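Analysis of the macromolecular model
Here's the letter readout for the chains.
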Amino acid sequence: MSMANSSTSISVTLTYLPNCHLRRSFLPNSNSKSKPTRIRCESTISPARLSTQSNLDGALADAVVVGGGISGLCIAQALATKHPNAAPNLILTEATDRVGGNITTIERDGYLWEEGPNSFQPSDPMLTMAVDSGLKEELVLGDPTAPRFVLWNGKLRPVPSSPKDLPFFDLMSIPGKLRAGFGALGIRPPPPGHEESVEEFVRRNLGDEVFERLIEPFCSGVYAGDPSKLSMKAAFGKVWKLEQIGGSIIGGTFKAIQERNQAPKTPRDPRLPKPKGQTVGSFRKGLAMLPNAISSRLGSKVKLSWKLSSISKLDNGGYSLTYETPEGLVTLQTKSVIFTVPSHVASSLLRPLSDVAADSLAKFYYPPVAAVSISYPKDAIRPECLIDGELKGFGQLIPRSQGVETLGTIYSSSLFPNRAPSGRILLLNYIGGATNTGILSKVRTV
Ligand SMILES: Cc1cc2nc3c(=O)[nH]c(=O)nc-3n(C[C@H](O)[C@H](O)[C@H](O)COP(=O)(O)OP(=O)(O)OC[C@H]3O[C@@H](n4cnc5c(N)ncnc54)[C@H](O)[C@@H]3O)c2cc1C
């Protein structure tokens, strides 16, 4: 479905989203989006000073963080500021000439767009990182009351945003809602000794309509994943756990509320802003502000265009790392190495040290995803898609059954301020994913 009739495509980027497919036994036990792969190797060599920054060849470090994406930067910032004695001689190395990894914000011609992730969940740890990085005043949070839509049978239908919307939303039929309600009380127990996929768990507990109209599009749009292979425990760990602790989703919810009310209250850091509801966040000039701010604070500890090409173990228990750098090959020796590179990169690098680790890391699947930003004039949007004359909302998800290749669209210029010039709107579309790897054959280099 198209909302408008004249557009300008300003960016198309193809990237890979780490995913939890096929090898569920190796999944991280967590519900976070895409987990970094971190291998921490430690040794007992005594700390030694780094040589001068201009000539690091042969230098000794306490810890080397490999990878300058958000994982590597957060680890380096935590080591440098919260545990300064743990690794006084710390180096972060990044293969490319910029930090941020997947995070790629571009600002051009009055537009500001994201080519990788679009936003973050404003959890307290995330807000703490932003505030610690000096970005409190730069935080922007989406309007929690803005609707989210699912395209179903040719119409964009709002997703319920709170329990009181449940009886009225038209994305599901009355029998579908009743099935979900009874299922949430726990009518079908989990199969013993089997790690369920998202599809198996949701169809069993909440019925086919919840799966097909809500969860399947969510998995495709947010994880670019295949819910028949994605592990429920890994992808939606909090919901999975409800059934474990309370025998059903509703039983577990009551138990979790009870436990939360009984738990000792730790005072919240007063520096942190309080989001007014379920929403997502970014920064005034896009997500790249965070890696750039952390990198500036780390200063000369960050080495750009340093690509780790091999790692070997030293007799004294430490590690020798060989880098390709603009100045030629550079070798570092270090007590500890922290890998935050994509798992297939870590797999190749660690092969000489451990076949077991390398084999496990090679099993993570990264589906291809294209991020396509498109701008339209505001008056090109169909009136029925507007609320009070504006394109309001977070965006829309599209179930695979609806015959539209786009997985989901974020209304970038509605979600955060200053993303498009006046009179224009900016949409970010994600295309591809685990169920449409054929997009790779459509790649053309221009
Ligand atoms: C299209 C897309 C949309 C997404 N949307 C969201 C979203 O909206 N919200 C969200 O929370 N998450 C989202 N994610 C997930 C999020 O982007 C990732 O979880 C996160 O960026 C991973 O960061 P990282 O530091 O672990 O890895 P990366 O960002 O992959 O960083 C790894 C770094 O290692 C470097 N490296 C690789 N090889 C070497 C080497 N040999 N030597 C030195 N350095 C090396 C790379 O250049 C890179 O900079 C999205 C991901 C994608 C792809």
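Residues numbered from 1 in each chain as written. Predicted model: local features only at pLDDT ≥ 70, side-chain atom pairs only at ≥ 80, totals over all residues. Heavy atoms only, no water.

Using the following cut-off: UniProt positions are given in the numbering used here, feature names are shortened, and annotations may be inferred rather than shown by experiment.
Under an unreviewed UniProt entry, the protein has the name protoporphyrinogen oxidase and belongs to Cannabis sativa. Regarding the protein, the UniProt comment filed under Catalytic activity (unreviewed entry) reads as follows: "protoporphyrinogen IX + 3 O2 = protoporphyrin IX + 3 H2O2".

**Comments concerning the overall build of the protein**
Note the cut-off: A helix here means a DSSP run of H or I that spans at least four residues, while a strand means a run of E at least two residues long, and both kinds are numbered starting from the N terminus. Only protein chains enter the accessibility calculation, which uses a 1.4 Å probe; a residue is then buried when its area is under 20% of its type maximum, exposed when over 50%, and partly exposed in between. Any two residues having at least one pair of non-hydrogen atoms within 4.5 Å are treated as being in contact. Computed by Shrake-Rupley with a 1.4 Å probe, the accessible areas treat only the displayed protein chains as cover when residues are assessed.
Of the regular secondary structure elements, the protein holds 12 helices and 18 strands. Within the protein, the fraction of its 446 residues that count as buried is 48%. The long-range fraction of contacts in the protein, counting pairs at least 24 apart against all pairs at least 6 apart in sequence, stands at 72%. Just so you have it, the protein exposes about 22,200 Å², and 55% of that area is on carbon and sulfur atoms.

**A word on the confidence of the model for the protein**
What counts, and what does not: Every residue carries a pLDDT, the predictor's confidence in it, which falls somewhere between 0 and 100.
Taken as a whole, the protein shows an average pLDDT of 87; of its residues, 87% reach a score of 70 or greater. Across residues 1-6, where pLDDT falls below 50, the model places 24 contacts with residues more than four positions away in sequence or in other chains. This model gives residues 19-54 a pLDDT under 50, and the stretch forms 107 contacts once residues within four places in sequence are excluded.

**What to know about helix H5 (residues 208-223)**
This is how it is decided: Axes are fitted to the seven residues ending at a residue and to the seven starting at it; the angle between these axes is taken as the bend at that residue.
When the local axis directions of H5 are compared, the greatest deviation, roughly 35°, occurs at Ile 215, which is followed within four positions by the proline Pro 217. Judged by how many residues are buried, H5 sits mostly within the fold: 12 of 16 residues are covered. For H5, the complete set of buried residues consists of Glu 209, Val 210, Phe 211, Arg 213, Leu 214, Ile 215, Glu 216, Pro 217, Cys 219, Ser 220, Gly 221 and Tyr 223. Contacts from the buried residues of H5 go to strand S8 (148-152), helix H3 (174-184), helix H4 (198-206), helix H6 (232-235), strand S16 (395-397) and strand S17 (406-410). In the segment just after H5, Ala 224 is the residue with positive phi, at about 50°.

**Comments concerning the side chain of Asn 118**
Threshold: Each polar contact in these results corresponds to two N or O atoms within 3.5 Å; when the atoms are within protein, one needs to be able to donate a hydrogen and the other to accept it, and residues that are neighboring in sequence are counted only if both atoms are side-chain atoms.
Mapped onto the secondary structure, Asn 118 falls in the loop between strand S6 (111-114) and helix H2 (124-132). Here Ser 119 takes part through its side chain, which lies 3.4 Å from a polar atom of the side chain of Asn 118. With near-sequence residues (within four places) excluded, Asn 118 lies in contact with Ser 282, Leu 287, Ile 410, Ser 412, Leu 415, Phe 416, Leu 428 and Tyr 430.

**Looking at the side chain of Ser 282**
One can find Ser 282 in strand S10 (residues 281-283). What Ser 282 contacts, discounting residues up to four positions off in sequence, is Glu 114, Asn 118, Phe 120, Glu 138, Leu 139, Val 140, Leu 287, Phe 416 and Arg 419.

**Focus: the packing of aromatic side chains**
For the record, the criterion: Whether two aromatic rings pair depends on their centres lying within 6.5 Å, for rings of Phe, Tyr and Trp, where Trp uses its six-membered ring; planes under 30 degrees apart make the pair stacked, over 60 edge-to-face, and the rest tilted.
Evaluation of the coordinates by the stated rule reveals 6 aromatic pairs. Ring plane angle 50° and centroid distance 5.2 Å describe the contact between Trp 306 and Tyr 323, whose orientation is recorded as tilted. Of this pair, Trp 306 sits in the loop between strand S11 (302-303) and strand S12 (307-313) while Tyr 323 sits in strand S13 (residues 319-325), and the two are 17 residues apart along the sequence. The pair Trp 306 / Tyr 323 is uniform in exposure class, with both members buried.

**A look at the nonpolar core**
For clarity, the threshold we go by: What we call a nonpolar core is a set of buried Ala, Val, Leu, Ile, Met, Phe, Trp, Tyr and Cys residues that are connected through their side-chain atoms within 4.5 Å.
In this structure, Val 65, Phe 283 and Leu 290 are the most contacted members of the largest nonpolar core, which totals 30 residues. Of all the secondary structure elements, the ones that give two or more residues to this core are strand S3 (60-66), helix H1 (70-81), strand S4 (90-93), H2 and helix H9 (289-298). For Leu 290, the residues in contact, after removing those within four places along its chain, are Ile 70, Met 126, Met 129, Ala 130, Ser 133, Leu 135 and Phe 283. Val 150, Ala 180, Ile 215 and Phe 236 belong to the second largest nonpolar core, which has 24 residues in total.

**Describing the environment of Thr 105**
If you trace the backbone, Thr 105 turns up in strand S5 (residues 105-108). Sequence-wise, Thr 105 and Glu 115 are 10 residues apart; in three dimensions their C-alpha atoms are separated by 6.3 Å. Excluding its chain neighbours within four sequence positions, the residues that come into contact with Thr 105 are Leu 112, Trp 113, Glu 114, Lys 285, Gly 286, Leu 287 and Ala 288. From its side chain, Thr 105 meets the backbone nitrogen of Ala 288 in a polar contact 2.9 Å long.

**A word on the UniProt feature "binding site: FAD" (unreviewed entry) in the protein**
Those residues carrying the UniProt feature "binding site: FAD" (unreviewed entry) are Ser 71, Glu 94 and Ala 95 in this numbering. The annotated residues occupy 25 residues of the chain but converge on a single region, no pair of C-alpha atoms lying more than 14.5 Å apart. Considering the arrangement of structural elements, one finds Ser 71 in helix H1. Its location among the elements puts Glu 94 in the loop between S4 and S5.

**Focus on a nonpolar patch on the surface**
The test is simple: Only residues above 30% relative accessible area that lack a salt bridge enter a patch, with like-charged residues linked at up to 9 Å and the nonpolar side chains Val, Leu, Ile, Met, Phe, Trp and Tyr linked at up to 5 Å. For salt bridges, the criterion is a side-chain nitrogen of Lys or Arg within 4 Å of an Asp or Glu carboxyl oxygen.
A surface patch of nonpolar side chains, about 810 Å² in accessible area, is lined by Ile 174, Leu 178, Phe 182, Leu 185, Ile 187, Ile 250, Phe 254 and Ile 257. Taken together, the elements giving at least two residues each to the nonpolar patch come down to H3 and helix H8 (249-262). Checked against the element boundaries, Ile 257 lands in helix H8.

**Concerning the pattern of salt bridges**
Taken as a whole, this structure holds 21 salt bridges when the rule is applied. Residue Arg 203 is joined to Asp 208 by a salt bridge in which the shortest nitrogen-to-oxygen separation is 3.0 Å. Assessed through its relative accessible area of 43%, Asp 208 is described here as partly exposed. Note that Glu 243 and Arg 204 form a salt bridge whose closest N and O atoms lie 2.8 Å from each other. Here the residue Glu 243 occupies a position in helix H7 (residues 237-246), and Arg 204 occupies one in helix H4, the gap between them amounting to 39 residues. For Glu 243, a relative accessible area of 6% puts it in the buried group. With a relative accessible area of 5%, Arg 204 lands in the buried category.

**Some thoughts on the environment of Gln 244**
Positionally, Gln 244 belongs in helix H7. According to the relative accessible area criterion, Gln 244 is partly exposed, its value standing at 45%. For the pair Gln 244 and Pro 190, spaced 54 residues apart in the sequence, the C-alpha separation amounts to 9.4 Å.

**Things to note about the pairing of S17**
Which entries qualify depends on this criterion: A pair of strands counts as paired when DSSP detects no fewer than two bridges linking them.
When you tally the buried positions in S17, you get 5 out of 5 residues, the bulk of the element. In the sheet, S16 pairs with S17 via 3 bridges, with the strands oriented antiparallel. Bridging across to S17, Gly 395 finds its partner in Ile 410. Bridge count for S17 against strand S18 (residues 424-432) is 4 bridges, and the pairing is antiparallel. Along S18, the bridge assignment pairs Thr 406 with Ile 431.

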